[in-house]
Amino acid sequence: MPLILNEEQTMLRDSARGFIGDKAPIAHFRQLRDSKDAIGFSKEHWKTFAEMGFAGLLVPEAYGGSGLGAVEAGVIMEEIGRTLMPSPFFATAVLAVTALRGGSEAQQAAYLPKIAEGALLAALAVDEGTKHRPSNIAMKAERSGNGFKLSGDKAFVVDGHMADLLIVAARSGGSAGEREGLTLFAIDPKAKGIAIERTVMVDAHNAARIVFDNVAVDADSVIGDVDQGGALLDRVLNIGRGAVAAEMVGLSDEVFGRTVTYLKERKQFGKLIGEFQALQHRAAHLYTEIEVTRAAAMKALQLLDADAPTAAAAVAVAKAKAGTTATLAVQEGVQMHGGMGMTDQFDVGLFMKRARVCQELLGDSNFHADQLARMKKY
Amino acid sequence: MSDLDQFRRDTRAWLDSNCPPEMRKPVTADEDVFWGGRNTKFSSEPQRLWFERMRDKGWTVPDWPKQYGGGGLDGAEAKVLREEMSAIGARPPLSSFGIWMLGPALLKYGNEEQKQEHLPKIAAGLIRWCQGYSEPNAGSDLASLQTRAESDGDDYIINGQKIWTSYANYADWIFCLVRTDGTAKKHDGISFILFDMTSPGVSTKPILLISGKSPFCETFFDNVRVPKIRVVGTVNRGWDVAKYLLQHERAMISGMGERGAGRPLGQVAADSIGVDAEGQLDDAMLRGQIATFEVDEAALSCAAERAVDLAKAGQGHPAFSSAMKYYGTELNKRRHEILMSAGGIDALEWESPRSHEGAKPRAWLRTKANSIEGGTSEVMLGIVAKRILDLPGA
């Protein structure tokens, strides 16, 4: 498959770019941030996202969605990255939908059409420690009657404070470090014993810490098979990583574009600073890194759609590469904007904060380089 | 099944029965590479067989037209062939500046007579070419070259000196940039001309490098007489041909790291250094460096694939080869730093059969030229800055 967008994907990108650029520019994000908005995103925009088919992008047509794939999800994420638009798209339309598609007919029928309509928001609770280590999940799911009792702490749950549905990875067997024994649950966040704290993060996007204290759930809430959630969780995490990589490509490209424009406008020592070779070379290097990263992200998303055995390695490459490139892009962006780059008034700092969060989200560059090394057995 | 799937199956089957096992091993020594030419020798029988079988199918130059000795494959088929060859680790049957550089330039700028005269001989490995571009005072600033070609009836009389002429001492013919108009602006008075290295007045002298070898030469022209019909393209417009050819050269150099890559670098290092109780490379810092390198390398190969796809779709940028040349050569230097580190003390041996006469350190030293030859990394970045990013100045 060629590593370029086809005609339909290009149209999808153009419509996403049109809507997001028009209705949700960075000013929109700033307004939500500065007003300390209670939910942190625009319900109206999410409704339009649903009408445009974006909320149900990965939902099969039989359940009212568009039945599209990871490449298309990446297309939307890249545009979201360009304006830092706060949106439930990642948590609900990408992570939750992929998890639910591994569930029963009844679960899919119950949740997927509502997600596609834009009527249901969901969040995935995986991380527990300081760093993303899904194999170390320790949250307990003890059998109790016909169901389970869940206890443990989850952190960095994207959109966790406003979800209508929590998808929780817990350990029904085995011990930390083992892949066997993980189970995914679909849980009502209002269930007794759940305490949700919205965490205000550096990038002013949405995430939550959630404490589960002996939360009783019945057997119907299990997604897939008990103790066998590892493979499904991997699938969910990998598409999520591919999506975040695409967001970082969008973010990097946007910062880069703004920086190059600045190099062509700003004068110092009687010259445009873009005439200085030292800056030209750094800009050209950054351009190359971004193009290389874009190709790696696209490759990973295509391989995910093809369900290729090499997809996991390609995702590790894409997320690792996107993390280092985004870090470079925002650092160069701030540095080349000089003092102005340090001000809140200039947008480039907002990208820097978002890039730091995207790095940590579902594994940073070191985590994924290490994963690649493990896959290659060294 | 699509035609392309069928082509893949046929190709795989053909390669399987025709590529000798000895030709599926990584290239480790100079004689593993077959360059062709009048005075050529095969280093082994499998090398000869592999070359001749590929030549007979036109697959030394799979995407050239059949009438010039090529395989007549379209872009998709040529890609399949590359992939299938790479899957079994097949060596290139013929390495040649004629294939990588002159051929594409002749296909675009040569007249029919020139194509018929030269292309089939390149495809069949009969003539080995070298490139007469750089001069002592015209390296990265190539257009300041001074080698003169003065008109004398139907001929030019060429005088001057070239430097960094790779394998000039083994080459049969040279493709050469000469100044045919000394009064024009520096890019406007240059012509691209071909001539036989045995012409009277041509001499070469190898340059010993830090690798202890001399793939490069100084090349001298003392009243060399060359017929004017040997000019490719328009007289005084040789810069167009030169630039076009440089794109191919840069693509070739940026791909050098991929050749013979084969096993993951981490496993190569594990063989040499050993692993800890958990099976991980017994040097945590090096393991991290290698993993980071392999991320970059895998990402670059995606970018190379995408560049081909973009070009096919008519969306490529002509200067993108400069970005790839820059990235690929810097990466290849990193690869060899890692290989030296993984090789440890063993990789320091310079003269011993055990070390294949220092193949590793010599290859490491050789890669340092990657970011110089064909335009330095700094020149590549300058091209990207100006032609792709449209930054101002100079």
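Residue positions are counted from 1 within each chain, in the order its sequence is given. Ligands are numbered from 1 and chains lettered from A, in the order in which they are written. With pLDDT at 70 or above as the cut-off, local features in this predicted model cover only qualifying residues; side-chain atom pairs require 80 or more to be listed or tallied, and sums for whole chains, interfaces and linings still use all residues. To obtain the side-chain values, all non-hydrogen atoms of the structure were included, while hydrogens and water were left out.

A word on the interface of chain B and chain A
Then step 1. Two residues form a contact once any of their heavy atoms are found within 4.5 Å. In this assembly, 40 residues from chain B lie in contact with 37 residues from chain A.
Then step 2. Roughly 3300 Å² of surface becomes buried between chain B and chain A when both sides are summed, with 67% attributable to carbon and sulfur atoms.
Then step 3. Each reported salt bridge corresponds to a side-chain nitrogen of Lys or Arg within 4 Å of a carboxyl oxygen of Asp or Glu. In this structure, the connection of chain B to chain A is made through four salt bridges.
Then step 4. A salt bridge links D296 of chain B to K321 of chain A; the nearest nitrogen and oxygen atoms lie 2.8 Å apart.
Then step 5. The definition of a polar contact used here is a pair of N or O atoms within 3.5 Å, where within protein one atom must be able to donate a hydrogen and the other to accept one, and adjacent residues in sequence count solely through side-chain atom pairs. In this assembly, chain B and chain A are joined by 15 residue pairs in polar contact (both at pLDDT 80 or more).
Then step 6. The way it works is that DSSP assigns letters per residue, a run of H or I at least four long becomes a helix, a run of E at least two long becomes a strand, and they are numbered from the N terminus. When residues of the side of chain B that touches chain A are traced back to their parent elements, those giving at least two are helix 7 (265-273), helix 8 (284-312), helix 9 (320-343) and helix 11 (377-388) of chain B.
Then step 7. The element contributing the most residues to the side of chain B that touches chain A is helix 8 of chain B, with 16 residues.
Then step 8. Charged means Asp, Glu, Lys or Arg here, nonpolar means Ala, Val, Leu, Ile, Met, Phe, Trp, Tyr, Cys or Pro, and polar covers whatever is left, Gly included. A class-by-class count of the residues in the side of chain B that touches chain A yields 23 nonpolar, eight polar and nine charged. Values labelled buried area give the accessible surface lost by two parts on being combined, using a 1.4 Å probe and summing over both.

Notes on the pairing of strand 3 (residues 155-166) of chain B
All names here are of chain B.
Then step 1. Only protein chains enter the accessibility calculation, which uses a 1.4 Å probe; a residue whose area is less than 20% of its type maximum is buried, one above 50% is exposed, and one in between is partly exposed. Buried residues dominate strand 3, accounting for nine of its 12 residues.
Then step 2. Here, strands pair whenever DSSP counts at least two bridges between them. The hairpin turn running from strand 2 (residues 148-152) into strand 3, its antiparallel successor, is two residues long, and G153 in that turn takes a positive phi close to 65°.
Then step 3. Where strand 3 lies against strand 7 (residues 216-227), nine bridges are found, and the strand directions are antiparallel. For Y156, the partnering residue across the bridge sits in strand 7 and is V226.

Some words on the UniProt feature "domain: Acyl-CoA dehydrogenase/oxidase N-terminal" (unreviewed entry) in chain A
Then step 1. UniProt positions are given in the numbering used here, feature names are shortened, and annotations may be inferred rather than shown by experiment. Look at the UniProt record and you will see "domain: Acyl-CoA dehydrogenase/oxidase N-terminal" (unreviewed entry) annotated at residues 6-118 of chain A.
Then step 2. For residues 6-118 of chain A, the end-to-end C-alpha separation is 27 Å, with 65% helix and 0% strand making up the annotated structure.

Quick notes on the packing of aromatic side chains
Then step 1. Side-chain rings of Phe, Tyr and Trp (the six-membered ring for Trp) are treated as a pair once their centres are within 6.5 Å; stacked means planes under 30 degrees apart, edge-to-face means over 60, and tilted covers the remaining angles. The full count for this structure, using the stated rule, is 26 aromatic pairs over all chains.
Then step 2. Summarising the aromatic geometry, the rings of W46 of chain A and F49 of chain A are spaced 5.8 Å apart at their centres and angled 35° between planes, so their arrangement reads as tilted. You can see W46 of chain A and its partner F49 of chain A sitting in helix 3 (residues 43-51), three residues apart, about one turn around the helix. The residues W46 of chain A and F49 of chain A share a single accessibility class, namely buried.
Then step 3. Ring geometry for F148 of chain A versus F185 of chain A: centroids 5.2 Å apart, planes at 70°, classification edge-to-face. Of this pair, F148 of chain A sits in strand 3 (residues 147-158) while F185 of chain A sits in strand 5 (residues 182-187), placing them 37 residues apart in sequence.
Then step 4. Residue class for F185 of chain A comes out buried when judged on its relative accessible area of 0%.
Then step 5. Here the aromatic residues F19, W46, F49, F54 and F89 of chain A are joined through ring pairs into a cluster of three or more.
Then step 6. Lysine and arginine charges are scored as sitting over a ring when NZ or CZ, respectively, is within 6 Å of the ring centre and within 35 degrees of the ring normal. Taking NZ or CZ as reference, R128 of chain B lies 4.9 Å from the ring centre of Y167 of chain B, over its face.
Then step 7. When the ring centre of W350 of chain B is taken as reference, the NZ or CZ atom of R362 of chain B above it lies at 4.1 Å.

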